[in-house]
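Per-entry structural report
Residues per chain, in single letters:
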Amino acid sequence: QVQLVESGGGWVQPGGSLRLSCAASGSFFSINAMGWYRQAPGKQRELVGTITRGGTTNYADSMKGRFAISRDSAKNTMYLQMNSLKPEDTAVYLCNAAVTLHLGVQSTYWGQGTQVTVSS
């Protein structure tokens, strides 16, 4: 079984910054692509961005320039650095990971999410 745990959320004023973490634990062979998503109240879940095992990142157009995804493979952890935050960035931020389990089985896992609130 694989667990993803997000942390680092909280309240921040507009223009502020936050750094989220997503830590993977459990029994697996490797973690492949990872991604950040967010879901605001009453809205559909939307992609923030992804990062490959090799570190190549891809972002939704609206996130480019303010958000940056990185990962520390040795720690099985992915990060989301969010700058110049706006009230419309308020949402639950979730991570997911494509994982290769032992015996080569591929599966995708989600974390429970961490709340980010941007307001004055």
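Here goes a summary of the coordinates provided.

Cut-offs applied
Residues numbered from 1 in each chain as written. Predicted model: local features only at pLDDT ≥ 70, side-chain atom pairs only at ≥ 80, totals over all residues. Heavy atoms only, no water. Disulfide = S-S within 2.5 Å. Helix = DSSP H or I, 4+ residues; strand = E, 2+ residues; numbered from the N terminus. Buried < 20%, exposed > 50% of the residue type's maximum accessible area, 1.4 Å probe, protein only. Pairing = 2+ DSSP bridges. Salt bridge = Lys/Arg side-chain N within 4 Å of Asp/Glu carboxyl O.

As a further point, take the state of the cysteines. Here the structure, examined in full by the defined rule, presents one disulfide. One disulfide in the model links Cys-22 with Cys-95; its S-S distance is 2.0 Å. The S-S bond linking Cys-22 to Cys-95 shows a torsion near 65 degrees; that makes this disulfide right-handed. Note that Cys-22 is positioned in strand β3 (residues 18-26) and Cys-95 in strand β9 (residues 91-100), a separation of 73 residues in sequence. The exposure class assigned to Cys-22 is buried, which follows from its relative accessible area of 0%.

Most of strand β8 (residues 77-82) sits inside the fold, with five of its six residues counted as buried. Sheet topology places β3 next to β8; six bridges connect them, and they run antiparallel. If you follow Arg-19 over to β8, its bridge partner there is Gln-81. When strand β7 (residues 67-72) meets β8, the two strands line up antiparallel, connected through six bridges. Following the sheet pairing, Ile-69 is matched in β8 by Leu-80. Between β7 and the antiparallel strand that follows it, β8, lie four residues; Asn-76 among them carries a positive phi value of about 50 degrees.

With that settled, consider the environment of Gly-10. Counting through the fold element by element, Gly-10 comes out in strand β2 (residues 10-12). Given a relative accessible area of 25%, Gly-10 falls into the partly exposed group. Separated by 10 residues in sequence, Gly-10 and Leu-20 place their C-alpha atoms 9.6 Å apart.

The next thing to look at is the pattern of salt bridges. For the coordinates displayed, the defined rule picks out four salt bridges. As a salt-bridge pair, Asp-61 and Lys-64 come within 3.2 Å of each other at their nearest N and O atoms. Under the relative-accessibility criterion, Asp-61 is labelled exposed at 64%. Among the ionic pairs, Arg-66 bridges to Asp-89, the shortest N-O distance being 2.7 Å. Of this pair, Arg-66 sits in the loop between β6 (57-59) and β7 while Asp-89 is found in the loop between β8 and β9, placing the two residues 23 residues apart along the sequence. With relative accessibility at 0%, the residue Asp-89 sits in the buried group. Three or more residues are tied together by salt bridges with common partners; here these are Arg-38, Glu-46, Arg-66 and Asp-89.

The next point concerns the pairing of strand β10 (residues 106-110). Looking at chain direction, β9 and β10 are connected through five bridges and run antiparallel. Within the sheet, the bridge partner assigned to Thr-100 lies in β10 and is Gln-106. Counting the residues between successive antiparallel strands, the hairpin from β9 to β10 contains five residues, one of them, Leu-103, with a positive phi of roughly 70 degrees.

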